[in-house]
Amino acid sequence: MLFNSLHFIIFFPIVVGMYYLIPQKLRTYWLLAASYYFYMSWNAKYVFLLLFSTIVTYVSGLMLERCVQEEKGGKIRTRRKKLCVAASFILNLFILLIFKYLNFGIDSLNQFFGYLHITLNVPAFDLLLPVGISFYTFQALGYTVDVYRGDIYAERNFFHYALFVSFFPQLVAGPIERSKNLLRQLDKPAKLNFNSFRDGFLLMLWGYFLKMVLADRIAVFVDTVYGDFETYTGVYLIVATLLFAVQIYCDFLGYSVIAMGAAKILGIQLMENFDAPYLATGVSEFWRRWHISLSSWFRDYLYIPLGGNRKGKIKKYANLLITFGVSGLWHGADWSYVIWGLLNGFWQIGGSILMPIRKKLINLLDIKEDSLSHKCLQMAATFLLIDLAWVFFRADSVFSALRIIKRMVTAKNYWVWFDGSLYNCGLNQKNFMLIIWGILLLLVADICKYKGIKLREIVAKQDYWAQCLVVTTALLCILVFGMWGVGYDAANFIYFQF
Amino acid sequence: MKKAKMALWAIAMIVFAAMLFRSVMFCLENKGAHNRNGDFFRVADECDVLFLGTSHMATEVLPLELWHDYGITSYNIAGLGQLMPVSYWMLINALDYANPKVVLVDCYAIEADAVANDGEFMHMSMDGLPLTKTKIRAVCDLYDDMDRRIEYLWNFSIYHNRWDELTWKDFDSRYDNMRGAQFQVALCEPAPFILRDVEPEPVDSVGVEYLRKIMEECRRRDIKVVLTYLPFPANESEQKVAAYVGQFAQEYGVDYLNFLKLNVVDFKTDCLDANSHLNISGGHKITSYIGKYLSEECGIVNRRQDGIVDWDEDYAGYQRYKVERLQGLESLQNSLIMMADKSFSLCLYVDGESKIWDYEQYVNLVQNLAPEYAFPTLGEIMGQGVDYLLLLDNKNRVIKEFGGEESGETETSFGKVVYTKTEAGERVLYLEGSEENLLVEEDENGHKLTVQTILIDHSDGSIINLQKFQETLKATK
């Protein structure tokens, strides 16, 4: 069930209506039932994987809790605790490995031996990637580590815990919530609150705008150009790559914001997943602002346990590369994702190595580091580096990505900027203008976020008629300019495939 | 108190949003169906006759001409690509508003097994229906697929994408007042047509199934049904289907007009395309025949005395529309097709240097201006390289030809018409009360004009349209 499908538009009001109508103590169970229905509407069989992951991490949590209690009683249970964590990780990652990486491994093996002129031909398995498996697995594993570290008590109510793993707004594409934040809220369902309701509704509208008006519209152009990059070269590819950066941002931010809005309507506050990432002045900062829930997950549960930056520069760089390589692999079972991840790691290592030179250059040229112009320059440079890496993320394979970059640079069809040829790639001039206006709106929203200006609070302070006008206008914009309806299949959110 | 105020605001804004949304929906909607059928609900209770069928019926029967010529009130609810199941539901919807005495059903494509065509044509039929229980039943009957049902019940789901193609016309809520009909102006060489004495070929199709439903519904409501098979250069297989419709009509004891056998139209001048549709000239002939039939055989009374003023106003609008279309035409061929219209009178002048008589299609089209007339002078002057004037007064049915050096004065319903030659050898044509010579030798750019047409409103003698054609037979602007 996609957020931008009719199914969800019917499902969600029913869930919300019932949620506030039934007694408070039943609400958790209602949300759990709704969440499982939400997941099963995609593929009912795969609900057992969700259930498996839930049971494994629930039991491991209880066992870890018992170890912690016994340790309080003076017994040493370190080995047993580690065993519990290892069991939880192995079982969960085994499932993830089978369903997400097995065929990738087989393919890679076949290719590798193929290069050595050895025919291996290990057959691939006909497995459908369970939607959201990476998200809920990581969320559940995060819980195991949190209990292991003693950051939280294990949840004893299985249904509450099952809801924590399967809470439908963030089940299939995040944010990957922390047990400390979400479990506590799920234990105490909130009462109906107009402010939360309005805030959630505004968030959902913004999310739908980003997804349906911008991301899906841009996708038409990007898909056309990337789908035939041998024909659409040079400027076409440059524009498509620039736009893809906006597309993936709007797509994923759209999903996250709808998820946050839906949760907020249900009285639950999810963590922010994006914080104006394209306004970052460096790649490290970008990753503190992009997909925050995943970045911080990797930081807390991989980078820091690996030693982080505490064991010298070389080890730090190695940890960075491992973290970003794994992050790439998390995004997709393909070498292009791994390279994408590694590239982001390299940008940061390069930035760190070049820092003294940059500092010298800044001093030499007497550049004011706090000036807007310098920041804009940094933002632009960061954006270009990130965008270059996106080519690997978007292309079908590593070779396609390399070819695309080559054709971007070598083809000299500059007239395409001016002769209207860009309007023959699925979007006419008016649609392009709409995209430009939409991007400007997004930029304003991001600048406000960057500066700590809360637009929703400004709306909330206005008279009711003005609030209604904002809502009506937003609804109309989404309905008229959104990509939906007959002849258009509700497009998956890009992050669903992870 | 605060909550009450909030509730009031909420209600007010919901109403405002609903109105705004409705306006936006209207602007974005494709106006095709709205233009054709929007007027139906205004005049439905006045209609004695309804026409059903596919594009054949939609483009060949012109209700406002039936009104003008016979005082028959009718509406054409046929549609492009409208198969019998859709026609059935169009009728059921129409019967929620109208009480017709006669329903004419054209049976072209009755052998089709499809329930409905998808796409623009289907929307041209369904979009015009208000969202009622009947429409919901219709859409659910025609489509099993939920997406399709939503598409037709809430067409905003497809039209919201039209924001980038809106024109000022999309903001105009007025509709065509042509009572559902439309016409086309073009000419095509017809496919060979040989009328054969064929045996009926039994047809067992979804089309027949729904035609039976139409028959039963009309029988239940005591509405006379007339089946038709409108003319086109039908092949043998289609003629067998036409024969089957005759058998079907016999089975139900209803009249059947098989136009394939009636020789009402001339395919040489009336075909819009090679093997299917007729142009406006053919439409006039079919309409005239059906009008006579309805008056004489079905007892449909002339309602001109009933004080239904809207119909006359709409007929005047229809006439203006025809003139606008005519003025927009650029070829002599299409002008001649449109001028084969008995509601106008005309003068056609052909210079001696013109080559139009070399082309059979032009000879046919000129003769088609008065099909019952023999055109003796035209026969004489062809190939002679001399001037020719045809004067056609459709009100008093005065037809006068002048060939070569002939000149003269002719009394017409719009006054005396003088056609003569000056001492300088220049041809001149005057209408009574005017000293303006209507014939010009060259246009403003010095191009020789070889054919000139003057369309006259015979009710007041005013000139409606004056077109001049160069040697290429393209209109000069």
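## Quick look at the overall build of chain A
Of regular secondary structure, chain A possesses 19 helices and zero strands. The C-alpha radius of gyration computed for chain A amounts to 24 Å, which stays within 12% of the reference 23 Å derived for 498 residues, consistent with globular compactness. If one aligns the C-alpha atoms of chain A with their principal axes, the spans along those axes are about 75 × 65 × 55 Å. Considering chain A as a whole, with its 498 residues, one finds that 41% of them fall into the buried category. Here the analysis covers contacts within chain A between residues at least 6 apart in sequence; of these, 74% occur between residues at least 24 apart.

## A closer look at the overall build of chain B
Looking only at helices and strands, chain B has 18 helices and 13 strands in total. Taken against the 2.2 N^0.38 rule, which gives 23 Å for 477 residues, the C-alpha radius of gyration of chain B at 26 Å falls within 12% of a compact globule. Oriented by its inertia axes, the alpha-carbon framework of chain B measures out at about 95 × 70 × 45 Å. Out of the 477 residues belonging to chain B, those deemed buried represent 42%. Across chain B, contacts joining residues at least 24 apart in sequence account for 74% of those joining residues at least 6 apart.

## Side note on the domain arrangement of chain A
Reports often express the size of an interface as the amount of accessible area lost when the parts come together. Residues and elements named next belong to chain A. Along its sequence, chain A is organised into domain 1 (6-189) and domain 2 (196-497). Placing the centre of domain 1 and that of domain 2 at their C-alpha centroids yields a distance of 27 Å. Contact with domain 1, which involves 23 residues of that partner, is made by 24 residues of domain 2. Secondary structure elements with two or more residues in the side of domain 1 that touches domain 2: α1 (6-21), α4 (78-115), α5 (133-149), α7 (168-171) and α8 (179-187). At four residues, α5 tops the list of elements feeding residues into the side of domain 1 that touches domain 2. Here the residues of the side of domain 1 that touches domain 2 are counted per class, giving 15 nonpolar, six polar and two charged.

## Some thoughts on the nonpolar core
If you look at the biggest cluster of nonpolar residues, it comprises 128 residues, and the most contacted ones within it are Ile-218, Val-222, Val-225, Ala-240, Ala-389 and Phe-392 of chain A. For this core, the element with the most residues is helix α10 (residues 235-265) of chain A, which contributes 22 residues. Counting contributing residues per domain, this core is built from domain 1 (6-189) and domain 2 (196-497) of chain A, each supplying no fewer than three. Each residue touching Val-222 of chain A, except ones within four places of it in the same chain, is listed here: Ala-240, Leu-243, Phe-244 and Gln-247 of chain A. Counting 117 residues, the second largest nonpolar core, distinct from the first, contains Leu-52, Tyr-88, Leu-227 and Phe-469 of chain B.

## Quick look at the interface of chain B and chain A
Taken together, the contact between chain B and chain A spans 15 residues of the former and 14 residues of the latter. Considering every element that reaches the side of chain B that touches chain A, the biggest residue donor is helix α1 (residues 2-28) of chain B, with eight residues. Within the side of chain B that touches chain A, the residues separate by chemical class into ten nonpolar, two polar and three charged.

## Brief notes about the sheet that holds strand β9 (residues 408-412) of chain B
Residue and element names in this part refer to chain B. Strand order in the open sheet formed by three strands is β9-β10-β11, and the pairing between neighbours is antiparallel. The sheet is open, and its two edges are formed by β9 and β11 (427-431), each paired on a single side. The mean angle between the axes of side-by-side strands here comes to 15°, regardless of whether they run parallel or antiparallel. As judged from the five bridges shared by strand β10 (residues 415-421) and β11, these two strands associate in the antiparallel manner. Within β11, the residue paired with Thr-420 across the bridge is Val-428.

## Side note on the sheet that holds strand β7 (residues 388-393) of chain B
Residues and elements named next belong to chain B. A sheet is described by the order of its strands in space; here five strands give the open sequence β8-β7-β6-β12-β13, paired in antiparallel fashion. Among the strands making up the open sheet, the edge pair consists of β8 (398-403) and β13 (462-470). The sheet shows a mean angle of 10° between the axes of neighbouring strands, taken without regard to direction. Two strands pair when backbone bridges link them, and β7 and β8 are joined in this way by six bridges, in the antiparallel orientation. Looking at the pairing, Tyr-388 lines up with Gly-403 of β8.

## Here we look at the domain arrangement of chain B
All names here are of chain B. Per the domain assignment, the segments making up chain B are domain 1 (2-318) and domain 2 (330-470). For domain 1 and domain 2, the distance between their C-alpha centres works out to 37 Å. If you look at the interface, domain 1 gives eleven residues, while domain 2 gives twelve residues. Within the residue set of the side of domain 1 that touches domain 2, elements represented by two or more residues are α13 (267-270) and α14 (280-297). Here the residues of the side of domain 1 that touches domain 2 sort into four nonpolar, five polar and two charged.

## Some points on the packing of helix α14 (residues 335-365) of chain A against helix α15 (residues 372-394) of chain A
All names here are of chain A. Where α14 meets α15, the axes come as close as 8 Å, and the angle between the chain directions of the two elements is 165°. Considering the angle they form, α14 stands roughly antiparallel to α15. Our pair here, α14 against α15, has a crossing hand that is right-handed. Every residue of α15 that contacts α14 at Ser-336, Tyr-337, Ile-339, Trp-340, Leu-343, Asn-344 and Trp-347 is listed here: Leu-385, Ala-389, Phe-392 and Phe-393. Here the residues of the contact of α14 with α15 sort into nine nonpolar, two polar and no charged.

## Notes on the pairing of strand β3 (residues 102-106) of chain B
Residues and elements named next belong to chain B. Summarising burial for β3: five of the five residues are buried, a large majority. Along β3, one buried face is formed by Val-102, Leu-104 and Asp-106 and the opposite face, lined by Val-103 and Val-105, is buried too. Pairing analysis gives four bridges linking strand β1 (residues 49-52) to β3, with the strands arranged parallel. Residue pairing across strands places Leu-52 opposite Val-105, the latter belonging to β3. Bridge count between β3 and strand β4 (residues 224-229): five bridges; the pairing is parallel. Among the inter-strand pairings, Val-103 is bridged to a residue of β4, identified as Val-225.

## Points about α14 of chain A
Helix geometry: α14 of chain A is bent most strongly at Met-355 of chain A, by close to 50°, with proline Pro-356 of chain A lying one to four residues after it. Two residues or fewer past α14 of chain A, Asp-366 of chain A is found with a positive phi of approximately 55°.

## Side note on the environment of Gly-79 of chain B
Its location among the elements puts Gly-79 of chain B in the loop between β2 (74-76) and α6 (84-95). Measuring from C-alpha to C-alpha, the distance between Gly-79 of chain B and Met-122 of chain B comes to 8.4 Å, with 43 residues separating the pair along the chain.

## Section: helix α12 (residues 292-303) of chain A
For α12 of chain A, built from twelve residues, the straight-helix expectation of 16 Å at 1.5 Å per residue is missed by more than 12%, its first-to-last C-alpha distance being only 14 Å. Every buried residue of α12 of chain A is accounted for by Ile-292, Ser-293, Leu-294, Ser-295, Trp-297, Phe-298 and Tyr-303 of chain A.

## Some thoughts on unusual backbone geometry
Positive phi, close to 40°, is recorded for His-291 of chain A, a residue that is not glycine. The phi dihedral of Arg-179 of chain B falls on the positive side, at around 55°, and the residue is not glycine. Tracing the chain through its elements places Arg-179 of chain B in the loop between α10 (156-159) and α11 (206-220). You can call Arg-179 of chain B buried: it has 28 C-beta atoms within 10 Å.

## Details of the packing of α10 of chain A against α15 of chain A
All names here are of chain A. One way to put it is that α10 packs onto α15 with a least axis distance of 9 Å and a crossing angle of 80°. Taken as axis vectors, α10 and α15 run roughly perpendicular relative to one another. Here α10 contributes Thr-241, Leu-242, Phe-244, Ala-245 and Ile-248 to the contact with α15, which in turn contributes Ile-386, Asp-387, Trp-390, Val-391 and Arg-394. Of the residues that constitute the contact of α10 with α15, the class distribution is seven nonpolar, one polar and two charged.

## Examining the confidence of the model for chain B
Looking at chain B, the pLDDT average stands at 89 and 99% of residues meet or exceed 70. The complex prediction reports pTM at 0.82, with the ipTM value standing at 0.76.

## Some details on the environment of Leu-260 of chain B
Residue and element names in this part refer to chain B. You can see Leu-260 is positioned in the loop between β5 (255-258) and α13. Here Leu-260 falls in the buried class, since 20 other C-beta atoms lie within 10 Å of it. Spatially, the C-alpha atom of Leu-260 lies 6.8 Å from that of Leu-230, the residues being 30 residues apart in sequence. Those residues within four positions of Leu-260 in sequence are excluded, and the remaining contacts are Leu-195, Tyr-229, Pro-231, Ala-234, Gln-239 and Ala-242.

Conventions used here
Numbering of residues begins from 1 in every chain and follows the order in which that chain's sequence is written. Labels follow written order: the first chain is A, the first ligand is 1, and so on. Totals for whole chains, interfaces and linings use every residue, but because this is a predicted model, local features are given only for residues with pLDDT of at least 70 and side-chain atom pairs only at 80 or more, for both listing and counting. The way it works is that DSSP assigns letters per residue, a run of H or I at least four long becomes a helix, a run of E at least two long becomes a strand, and they are numbered from the N terminus. Only C-alpha atoms enter the radius of gyration, while the globule expectation follows 2.2 Å times N to the 0.38, with N the number of residues. Exposed residues have 12 or fewer other C-beta atoms within 10 Å of their own C-beta, buried residues have 20 or more, and residues in between are partly exposed; the C-beta atoms are placed from the backbone. Contacts are defined on C-beta atoms placed from the backbone: any two residues whose C-beta positions lie within 7 Å are in contact. Just so you know, the domain bounds were taken from an automatic or database domain assignment. Note that Gly is not counted as nonpolar here; it falls among the polar residues with everything else outside the nonpolar set of Ala, Val, Leu, Ile, Met, Phe, Trp, Tyr, Cys and Pro and the charged set of Asp, Glu, Lys and Arg. Throughout this description, the term nonpolar core refers to a group of buried Ala, Val, Leu, Ile, Met, Phe, Trp, Tyr and Cys residues whose C-beta atoms join them within 7 Å. Should DSSP find at least two bridges between two strands, the strands are taken to pair. To get an axis, a line is fitted to the C-alpha atoms, and for a helix only the part in contact is used. The angle between two axes follows their N-to-C directions and goes from 0 to 180 degrees. Working rule for angles: under 35 degrees goes down as roughly parallel, over 145 as roughly antiparallel, 65 to 115 as roughly perpendicular, anything else as oblique. Each crossing gets its hand from how the near helix is turned against the far one by less than a right angle, where anticlockwise is left-handed and clockwise is right-handed. One fitted axis covers the seven residues ending at a residue, a second covers the seven starting there, and the bend at that residue is the angle between these axes. Given a helix with a known number of residues, its expected span is that number minus one, times 1.5 Å. The pLDDT score gives, residue by residue, the confidence of the prediction method on a 0 to 100 scale.

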